[in-house]
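Here is how the chains run, residue by residue.
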Amino acid sequence: NSGDQKPVEGDDIWEWLSLYPERFRHQSIVNSSELLSEFGDVPNYVEGTVKKVNWSDHRIDVLGQSETAALLVLADTWYPGWKAVQGGNSLPVIRVNGMFRGVRVPRGEWSVSIKYAPVTVRLGLFLMLVGLLVCVVLCFKGLIAGGLKE
């Protein structure tokens, strides 16, 4: 279920949730009207079903269906670096209700894969490989230079 979609800017989300706690279960609150515009029109209430979920530390695969386009809300912590793919197309993963992840799903049957692939991990791996390459080159140069001295 996606419920109503209401854009809330910045820290206003916590005030809104404290004023209207009864709506929290049925209302998706996204943190930016700009992100909400990417989702287009979604009805106030959407009936849908999640049929299968495969969950691991760095990947979530969800299979489901809905009668119209909807916002799939995963009730675990939003953090930068999560990427979503549906039918080969990249989808934005947005912050919902201040702390959860949300992905737009199409009408009908759908399958979404959400992976944790932060840029910082790839950057760290690249820098580690560059450092390792520099160490190998320096060691090789040292062996050649030491061999020439003898």
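Residues numbered from 1 in each chain as written. Predicted model: local features only at pLDDT ≥ 70, side-chain atom pairs only at ≥ 80, totals over all residues. Heavy atoms only, no water.

Novice: Describe in detail the pattern of salt bridges, supporting the description with residues and values.
Specialist: When charged atoms on two side chains of opposite charge get close, those side chains can pair. According to the stated counting rule, one finds three salt bridges in the structure shown. The partner of Glu109 in a salt bridge is Lys51, and the shortest N-O contact between them spans 2.6 Å. Of this pair, Glu109 sits in strand S10 (residues 108–116) while Lys51 is found in strand S3 (residues 48–55), placing the two residues 58 residues apart along the sequence. Among the residues examined, Glu109 registers a relative accessible area of 52% and is labelled exposed. For Arg101, the salt bridge goes to Asp76, with nearest N and O atoms at 2.3 Å. A residue pair is termed long-range when its members are at least 10 positions apart, and Arg101 in strand S9 (residues 100–105) and Asp76 in strand S5 (residues 70–77) qualify at 25 residues. (Salt bridge = Lys/Arg side-chain N within 4 Å of Asp/Glu carboxyl O. Helix = DSSP H or I, 4+ residues; strand = E, 2+ residues; numbered from the N terminus. Buried < 20%, exposed > 50% of the residue type's maximum accessible area, 1.4 Å probe, protein only.)

Novice: Go over the pairing of strand S6 (residues 82–86), please, and point to the residues and values.
Specialist: Alternating positions in S6 separate cleanly, Trp82, Ala84 and Gln86 being buried on one face and Lys83 and Val85 remaining unburied on the opposite face. Here four bridges tie S6 to S10, and the two strands are oriented antiparallel to one another. Within S10, the residue paired with Val85 across the bridge is Ser113. Direction of pairing for S6 relative to strand S7 (residues 89–91): antiparallel, over a ladder of three bridges. Looking across to S7, one finds that Val85 is bridged to Ser90. The antiparallel hairpin formed by S6 and S7 contains two residues in its connecting segment, where Gly87 sits at a positive phi of about 60°. (Pairing = 2+ DSSP bridges.)

Novice: Explain the sheet that holds S6 to me, and be specific about the residues and the numbers.
Specialist: Strand order in the open sheet formed by five strands is S3-S4-S10-S6-S7, with antiparallel pairing between adjacent strands. The sheet is open, and its two edges are formed by S3 and S7, each paired on a single side. Across this sheet, the average inter-strand angle for adjacent strands is 25°, counted without regard to direction. Examined bridge by bridge, strand S4 (residues 59–66) and S10 share eight bridges and lie antiparallel to one another. Each residue of the ladder has a partner; that of Ile60, found in S10, is Ile114. (Axes fitted to C-alpha atoms, helices over the stretch in contact; angles between N-to-C directions.)

No statement about biological role is implied by the geometric values presented.
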